[in-house]
Amino acid sequence: MSNGFHIVVCGSLVPDPLQTLQPVMGASGLPELKSEMMLPSVLDPWAGHALFEAAHLAAKTPESKVWLVSAGPKARLQQLMMTLAQKVPFELVALDGSASGFTDASSVAKSLSEAIEGIAGLDRSRMLLFGGCASASRDAGATMQIVGERLSIHDQFLAVDELDVENDGSLRILERIEGGQYLESVCEGPPAMLGWATGTLPEPKNNPQVGMMNMRTIMPALQRAQSVSVGAGDSTFASVEVPQQRRETRIVKDLPADEIARELVEWIRS
Amino acid sequence: MSVASVQDEKTPVMQTLPTDEVRQIMWRFADRYDLQMLVQSTRAVARGVVARIVAEGARNTHEWTDAKDQMLKAYDESGITAMMSTPEFGGYLAGPKNFVMALTAFELAWVDAGAATCSLAAGLALEPILEKGTPEQQAEYLSRCVPPLPGEDRKIARGAFCLTEPLPYVGVDTGIMCGKVRVAEWEEGKEPLLQVDKRGRFITNMDYANFVVAAVESDDDRIKGTCMVILEEDDDGVYDRGAVTHKLVHQLSSTRDPIFHMTVPASRIVGGYTIQDGVVVPNHNHGKVLEAVFARTRVPVGVMTAAKLVSAVEPIIRYQRGRFRGGEGAPGTPRYDLGLQMKEDVLHRLVDVWATGEAATSLGLAAARHFDEFEELDKTRDDLYAEAGASSVREILKIRKKTEKLALEYLDLLTQSEEERDEARIAELKSNRLVEFMIGESLSNILSPATKLWNTGQGANMMREAVSLMGGYGITEDCPGFLPQKWMDSQLEATYEGPESVQRRQLIVTMTSELFLAQFRQWIVELRTLASERPGTGACTLGSAMELWLWTYRHLQDSKDADGKPLYRDKRQGATFPMADALSWLLACRCQILDCLELAKKGPENPVLGDALPGYVQFFTDLCHVQAAHAAGEVSRICADLVYGYNRHPSWDPACEQCVQAGEIDCLEGLIPGISVGARLSGDVVETDGSHANKAGPCPHFTGMDGFISRRNKLDGCLTGSRLAKDRAGNVLSQVMIPEALDYPI
Ligand SMILES: Cc1cc2nc3c(=O)[nH]c(=O)nc-3n(C[C@H](O)[C@H](O)[C@H](O)COP(=O)(O)OP(=O)(O)OC[C@H]3O[C@@H](n4cnc5c(N)ncnc54)[C@H](O)[C@@H]3O)c2cc1C
């Protein structure tokens with residue numbers, strides 16, 4: 001039996017913010033970002049880290065394979081592939097639907113998990129489910145867990161920065177916890193879900209040669225992309241606004257840490 | 001600026017700077033994923049490694065440094081180096097390379113033109129081999145120029161192209177060379193060994209080139225004429241990289257004055273040779289190779305300057321908007337939000353910079369696409385002549401003359417209405433490959449020099465405008481977007497691969513081709529039709545300017561100066577060169593309009609553009625209009641100068657025909673009452689005491705100039721609306737969203 005991993009990465013696009021993006025109520029009653037459709041798109045950064053980690057792991061583990069499952073407007077996905085496809089080898093599973101940040105995590109997770117179930121040749125016993133621990137457009141922090149649950153993957157790790165495969169095939173995983181510390185876990189092996197933080201790898205360089213190879217499967221995948229309706233579920237939005245940033249600066253010398261903490265707690269409570 | 005007068009609520013406004021989707025449609029590579037990927041990959045290198053080393057001061061030395069070497073490695077890793085090769089030899093892009101070279105040059109020059117030159121010069125060294133090399137030479141160098149694949153143990157071949165020589169030899173004039181080739185050894189029945197002696201001046205890539213393609217002339221009865229020859233670093237003899245050139249520009253590229261004294265086998269002659277009566281006869285003389293190489297490689301140089309103009313837009317907007325922030329005026333006030341953009345002039349000047357950049361890019365990329373489309377046919381030219389039974393120079397000239405007539409007939413038939421024209425004849429002429437070849441060739445001969453001439457020359461002028469918009473910042477090393485460096489660099493783009501005079505010299509010959517002129521006339525008709533379908537692009541203005549140019553051209557052909565000397569002659573560069581410049585203005589503007597119309601036509605097919613499309617189309621339409629007015633003004637000025645400037649101004653000299661002597665008209669007063677008063681009113685009378693009106697002489701008469709005057713008057717009127725377009729475009733520049741920061745270091 002092969003030891004390779006079948007790594008499925010969930011990730012899609014987010015608008016490349018040129019200026020602060022203003023949320024507004026759309027005509028359909030769902031919120032949207034002002035001028036979002038006019039902005040160029042980029043790969044959601046956390047999903048990007050997940051993809052690059054996946055490719056790196058696949059490259060050093062023979063007989064591994066990477067899929068990228070993306071839900072987003074088809075034409076925009078295609079444009080995104082012009083850069084992404086050059087970075088690392090993968091096979092695309094495209095879902096034509098909204099990539100808005102105002103959709104409901106469970107609705108997105110449902111579409112993604114159904115698409116993953118439909119991947120031909122995917123060996124679920126060797127599967128590592130990767131994604132971002134958050135998204136630049138919807139910081140729900142729940143999507144990947146729900147996808148995992150729906151696929152009956154119960155070993156779940158969040159805010160992962162490092163994954164090592166031990167000689168016995170077990171996975172040693174570092175998750176970010178508070179105070180700049182890591183929680184180190186060892187998991188017997190796949191299947192597992194890893195929601196990545198930044199990981200440790202730089203963004204791979206573009207290489208059109210890799211791109212040309214990927215495009216052979218990406219273009220047909222885009223052509224047969226199923227349309228999915230990802231919505232806001234039962235949520236209703238009363239109003240939307242940009243979180244206000246406040247800065248009040250006071251310069252005080254030699255204040256003990258306890259005193260600073262006390263002041264902060266007071267400020268938060270007030 | 002009075003916004004209300006030029007923009008109502010319904011006028012769509014461009015929200016963001018043009019995206020990749022917009023560019024892919026305008027520049028016709030929306031369906032070329034391979035090119036889109038290479039663009040992205042090149043961009044990452046340009047705005048990554050290249051920008052970083054420029055920001056760190058890599059341009060402060062003309063020596064080759066580790067930092068500059070990193071750039072080459074980045075080219076190797078990102079597919080830039082391998083783009084010149086073909087899949088057969090380890091590359092990944094099939095087909096012609098003109099458009100891809102232009103796009104790569106665009107992306108690299110967006111940050112630094114010297115970086116673009118490095119990549120371009122590697123291509124320049126390969127071009128002679130690609131164009132005229134033997135199949136063996138092509139196989140060897142196309143595979144060696146590809147970076148080694150993992151596991152492969154070999155050194156990549158990087159080349160230099162060595163034509164220019166120390167003074168007083170090869171420069172603009174490539175005819176007289178001091179580079180020599182002799183027979184070093186020629187054993188009976190074996191391949192001759194050649195002794196090559198060549199000194200180069202200003203040779204790009206010389207710090208690291210491990211092969212050189214050099215132009216040399218025979219200094220031996222046993223070798224005929226001139227040729228280009230490949231020299232390898234490890235060949236016997238001296239391969240001296242020579243002194244470094246102390247460049248003030250393009251410091252990211254390598255330039256030196258090398259010296260070669262080497263012995264190489266005759267098989268290194270580019271394109272091979274035959275032996276005739278004991279003499280080595282190269283299959284291609286150096287002129288023939290140069291012609292093929294320069295026709296193509298000058299285009300990406302023009303695209304480089306174009307890219308820099310377009311790249312200047314974003315940093316300038318950011319500077320203008322932020323100019324007063326931090327002082328008086330809180331967010332929400334015009335002083336804070338708009339900064340310098342409260343002033344109309346800075347917006348208008350930026351519109352001009354952008355419009356020039358658009359026109360230049362459109363022209364350059366149109367030229368590159370033309371060369372791609374024409375390449376296959378061009379390569380079969382000798383076969384086509386042979387098929388037509390022509391082998392000697394005379395026979396070829398004869399068949400060309402005959403074919404030109406057919407081609408003209410074909411072009412003429414195309415202008416006739418579809419109901420009336422002879423479709424069978426059209427089909428017959430269309431299937432004649434020589435006809436197709438000659439039409440394509442006439443365009444190649446124009447598009448390449450026009451791109452090089454106009455883009456780099458006018459581009460350099462407009463880069464100065466761009467720099468001036470940054471105030472004092474514009475002439476410091478810290479200027480965002482490296483604008484002052486880009487300005488200075490433009491002067492090199494205008495110089496190497498043949499300065500402007502070389503391009504003008506070519507154009508004044510090639511634009512006399514009746515085949516070209518027939519197409520030019522056809523374009524005027526097309527522009528009028530386009531103008532009626534989509535008014536506002538300035539297409540009609542351009543059509544009128546083209547008519548004025550055509551009239552002037554015909555006029556100059558038959559005219560003489562005040563001393564009776566013909567005007568349109570090779571030696572009279574003063575009378576001919578400006579017409580080449582004027583033509584280039586027109587061509588750039590036409591390509592810009594066609595690209596804008598392409599966006600309007602194909603944009604709706606791209607769902608990504610959606611609601612943003614109308615804003616882009618409106619903005620580019622306005623830029624076209626602005627540019628058309630600018631071109632019309634230039635052409636008008638040039639033509640009027642040439643049409644009137646060679647006539648001698650009448651003087652107050654009593655012998656002058658146009659002078660009216662007071663005595664003569666006073667005598668006539670008896671016969672024609674009132675004449676003496678009337679003539680004096682015109683101010684051209686010399687009184688008996690020799691006094692006359694205060695002016696240079698009697699006003700000249702314009703007999704025979706009606707055609708010119710009416711066309712020029714019409715053209716002036718065609719400027720109607722162009723300033724409104726400029727107001728609108730300027731207004732958009734004060735609203736368009738830009739990123740918070742530039743996407744490369746400063
Ligand atoms: C940085 C750099 C890199 C270069 N890289 C290369 C390279 O890789 N390979 C290579 O072979 N060359 C290279 N060159 C050389 C370059 O192509 C020449 O400098 C250029 O062609 C002009 O030749 P010249 O300098 O001898 O100018 P000249 O021949 O001295 O001309 C000077 C000026 O005189 C005028 N002039 C000359 N002749 C005429 C005429 N017939 N009619 C009207 N006006 C005329 C023009 O205004 C012209 O600009 C490079 C140059 C530089 C500066």
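- An unreviewed UniProt entry annotates chain B as Acyl-CoA dehydrogenase of Novipirellula herctigrandis.
- Quoted verbatim from the Cofactor (unreviewed entry) field of UniProt, the annotation for chain B is "FAD".
- Per UniProt, chain B carries the Sequence similarities (unreviewed entry) text "Belongs to the acyl-CoA dehydrogenase family."

- Going by the annotation in an unreviewed UniProt entry, the name recorded for chain A is Electron transfer flavoprotein domain protein, with Novipirellula herctigrandis given as the source organism.

1. Brief notes about unusual backbone geometry
- Between P190 of chain A and the following residue, P191 of chain A, the backbone shows a cis peptide bond with an omega angle of 0°.
- Within the element layout of this structure, P191 of chain A appears in the loop between β11 (181-187) and β12 (192-196).
- Geometrically, the link from L167 of chain B to P168 of chain B is a cis peptide bond, its omega value of 10° lying close to zero.
- A positive phi angle, near 60°, is found at F202 of chain B, a position not held by glycine.
- Turning to its location among the elements, F202 of chain B is positioned in the loop between β3 (193-199) and β4 (203-204).
- Exposure remark for F202 of chain B: the relative accessible area of 45% places this residue in the partly exposed category.
- In this structure, D277 of chain B takes a positive phi of about 50° despite not being glycine.

2. Describing a nonpolar patch on the surface
- A surface patch of nonpolar side chains, amounting to about 580 Å² of accessible area, comprises V252, L255, I260, L264, W267 and I268 of chain A.
- Its place among the elements puts W267 of chain A in helix α6 (residues 257-269).

3. Remarks on the interface of chain A and chain B
- Tallying the contact residues gives 23 residues for chain A and 29 residues for chain B.
- Here chain A packs against chain B, burying approximately 2,400 Å² in sum over the two surfaces, 65% of which is carbon and sulfur.
- The tally of links from chain A across to chain B stands at one salt bridge.
- With a shortest N-O distance of 3.0 Å, K205 of chain A and E77 of chain B are connected by a salt bridge.
- Between the two partners, chain A and chain B, sit five residue pairs in polar contact (both at pLDDT 80 or more).
- Looking at the side of chain A that touches chain B, the elements that each hand over two or more residues are α2 (74-87) and α5 (208-223) of chain A.

4. A word on the nonpolar core
- Y75, F520, W549 and L599 of chain B are the most contacted members of the largest nonpolar core, which totals 190 residues.
- Setting aside chain neighbours within four positions, we find Y75 of chain B in contact with V45, V50, I80, T81, L108, A115, A116, C118 and S119 of chain B.
- Of all hydrophobic cores here, the second largest spans 43 residues; its members include L84, I173 and A192 of chain A together with M37 of chain B.

5. Considerations on the sheet that holds strand β13 (residues 226-227) of chain A
All names here are of chain A.
- Spatial ordering of the open sheet is given by β11-β10-β9-β12-β8-β1-β6-β7-β13, a layout of nine strands whose pairing is mixed. The strands lining the two open edges of the sheet, one partner per strand, are β11 and β13.
- Strands in contact with α2 are β6 (65-72) and β7 (91-96); relative to β6, the strand with the most contacts, it is inclined by about 140°.

6. Regarding the site of the ligand
Residue and element names in this part refer to chain B.
- Near the ligand there are 21 residues, and of these F161, T164, R201, F202 and R505 occur at the shortest range.
- Measuring from a nitrogen atom of the ligand, one finds a side-chain N or O atom of T164 at 2.6 Å.
- At a separation of 3.2 Å, a nitrogen atom of the ligand approaches a polar side-chain atom of Q573.
- Protein burial of the ligand: of its 980 Å² of free accessible surface, 69% is covered by the chains.
- Every element with two or more residues in the shell around the ligand is listed here: β1 (159-162), β4 and α16 (500-510).
- Of the residues belonging to the shell around the ligand, the class tally is nine nonpolar, eight polar and four charged.

7. Side note on empty space enclosed by the protein
All names here are of chain B.
- As enumerated under the stated definition, the model contains five cavities of 30 Å³ or more in all.
- A class-by-class count of the residues in the lining of the largest cavity yields 14 nonpolar, twelve polar and two charged.
- One number sums up the size of the second largest cavity: a volume of about 200 Å³.
- Lining the second largest cavity are 19 residues, and of these T81, C118, S119, A122 and R158 lie nearest its centre.
- Listing elements by their share of the lining of the second largest cavity, those giving two or more residues are α4 (66-78) and α6 (113-132).
- Sorting elements by how many residues they give to the lining of the second largest cavity places α6 first, with five residues.
- Each residue belonging to the lining of the second largest cavity can be placed in one class, and the counts come to 13 nonpolar, five polar and one charged.

8. Re the packing of helix α8 (residues 286-322) of chain B against helix α14 (residues 433-468) of chain B
Residue and element names in this part refer to chain B.
- Two elements in contact, α8 and α14, have axes whose closest approach is 8 Å; the angle formed by their N-to-C orientations is 25°. By the angle class used here, α8 and α14 are roughly parallel. α8 and α14 meet at a crossing whose hand is left-handed.
- Among the residues forming the contact of α8 with α14, the class breakdown is 13 nonpolar, seven polar and three charged.

9. Focus on the UniProt feature "domain: Acyl-CoA dehydrogenase/oxidase C-terminal" (unreviewed entry) in chain B
- Per the UniProt record, "domain: Acyl-CoA dehydrogenase/oxidase C-terminal" (unreviewed entry) is found at residues 431-507 of chain B.
- Within the segment residues 431-507 of chain B, helix and strand shares are 71% and 0% respectively, and the terminal C-alpha atoms sit 29 Å apart.

10. Looking at the side chain of E493 of chain B
Residue and element names in this part refer to chain B.
- Looking at where E493 falls in the secondary structure, it is placed in helix α15 (residues 483-493).
- Note on E493: relative accessible area 0%, which makes it buried.
- Setting aside residues up to four positions removed in sequence, E493 forms contacts with A113, H250, V301, M304, T305, K308, K452 and T456.

11. Considering the UniProt feature "domain: Electron transfer flavoprotein alpha/beta-subunit N-terminal" (unreviewed entry) in chain A
- Using the residue numbers shown here, the UniProt feature "domain: Electron transfer flavoprotein alpha/beta-subunit N-terminal" (unreviewed entry) corresponds to residues 41-203 of chain A.
- Along residues 41-203 of chain A, the helical share is 31% and the strand share 32%, with 17 Å between the first and last C-alpha atoms.

12. Here's the deal with the side chain of S254 of chain B
Residue and element names in this part refer to chain B.
- Counting through the fold element by element, S254 comes out in the loop between β7 (236-244) and β8 (255-265).
- A relative accessible area of 0% means that S254 is categorised as buried.
- For S254, the side chain forms a polar contact with the main-chain nitrogen of M206, separated by 3.2 Å.

13. A few points about the pattern of salt bridges
- Taken as a whole, this structure holds 66 salt bridges over all chains when the rule is applied.
- Here R176 of chain A makes a salt bridge to D161 of chain A, at a shortest N to O gap of 2.7 Å. Here D161 of chain A lies in strand β9 (residues 156-165) and R176 of chain A lies in strand β10 (residues 171-177), a separation of 15 residues in the sequence.
- Using a relative accessible area of 3% as the deciding quantity, one classes D161 of chain A as buried.
- Here R554 of chain B and E514 of chain B are joined by a salt bridge, their closest N and O atoms 3.3 Å apart. Taken together, the residues R554 of chain B in helix α18 (residues 539-558) and E514 of chain B in helix α17 (residues 514-533) connect sequence positions 40 residues apart.
- Given the relative accessible area of 32%, R554 of chain B is considered partly exposed.

14. Comments concerning the packing of helix α3 (residues 33-55) of chain B against α4 of chain B
Residue and element names in this part refer to chain B.
- α4 packs onto α3 with a crossing angle of 165° between their chain directions and a minimal axis gap of 10 Å. Taken as axis vectors, α3 and α4 run roughly antiparallel relative to one another. As for the relative orientation of α3 and α4, their crossing is right-handed in sense. Listed contacts from α4 to L38, S41, V45, V49, V50 and I53 of α3 are A67, K68, Q70, M71, A74, Y75 and S78.
- Partitioned by chemical class, the residues of the contact of α3 with α4 number nine nonpolar, three polar and one charged.

15. What about the UniProt feature "domain: Acyl-CoA dehydrogenase/oxidase N-terminal" (unreviewed entry) in chain B?
- In this numbering, the UniProt entry assigns the feature "domain: Acyl-CoA dehydrogenase/oxidase N-terminal" (unreviewed entry) to residues 36-145 of chain B.
- Secondary structure content for residues 36-145 of chain B is 68% helix and 0% strand, and the end C-alpha separation is 22 Å.

Rules of the game
Residues numbered from 1 in each chain as written. Chains lettered and ligands numbered in written order. Predicted model: local features only at pLDDT ≥ 70, side-chain atom pairs only at ≥ 80, totals over all residues. Heavy atoms only, no water. UniProt positions renumbered as here; feature names shortened; annotations may be inferred. Helix = DSSP H or I, 4+ residues; strand = E, 2+ residues; numbered from the N terminus. Buried < 20%, exposed > 50% of the residue type's maximum accessible area, 1.4 Å probe, protein only. Patch = residues over 30% accessible without salt bridge, like charges linked within 9 Å, V, L, I, M, F, W, Y side chains within 5 Å. Areas by Shrake-Rupley, 256 points an atom, 1.4 Å probe, with all protein chains shown as cover. Salt bridge = Lys/Arg side-chain N within 4 Å of Asp/Glu carboxyl O. Contact = heavy atoms within 4.5 Å. Buried area = accessible area lost by both parts, 1.4 Å probe. Polar contact = N/O pair within 3.5 Å; in protein donor to acceptor, adjacent residues only side chain to side chain. Core = buried A, V, L, I, M, F, W, Y, C linked by side-chain atoms within 4.5 Å. Pairing = 2+ DSSP bridges. Axes fitted to C-alpha atoms, helices over the stretch in contact; angles between N-to-C directions. Near = heavy atom within 4 Å. Nonpolar A, V, L, I, M, F, W, Y, C, P; charged D, E, K, R; others polar. 1 Å grid on protein atoms, 1.4 Å probe; cavity = no way out; pocket = protein on both sides within 12 Å on 5 of 7 lines; lining within 4 Å. Points joined across faces, edges and corners; volume = space filled by probe spheres on them. Parallel < 35°, antiparallel > 145°, perpendicular 65-115°, else oblique. Left-handed = near helix turned anticlockwise from the far one by under 90°.

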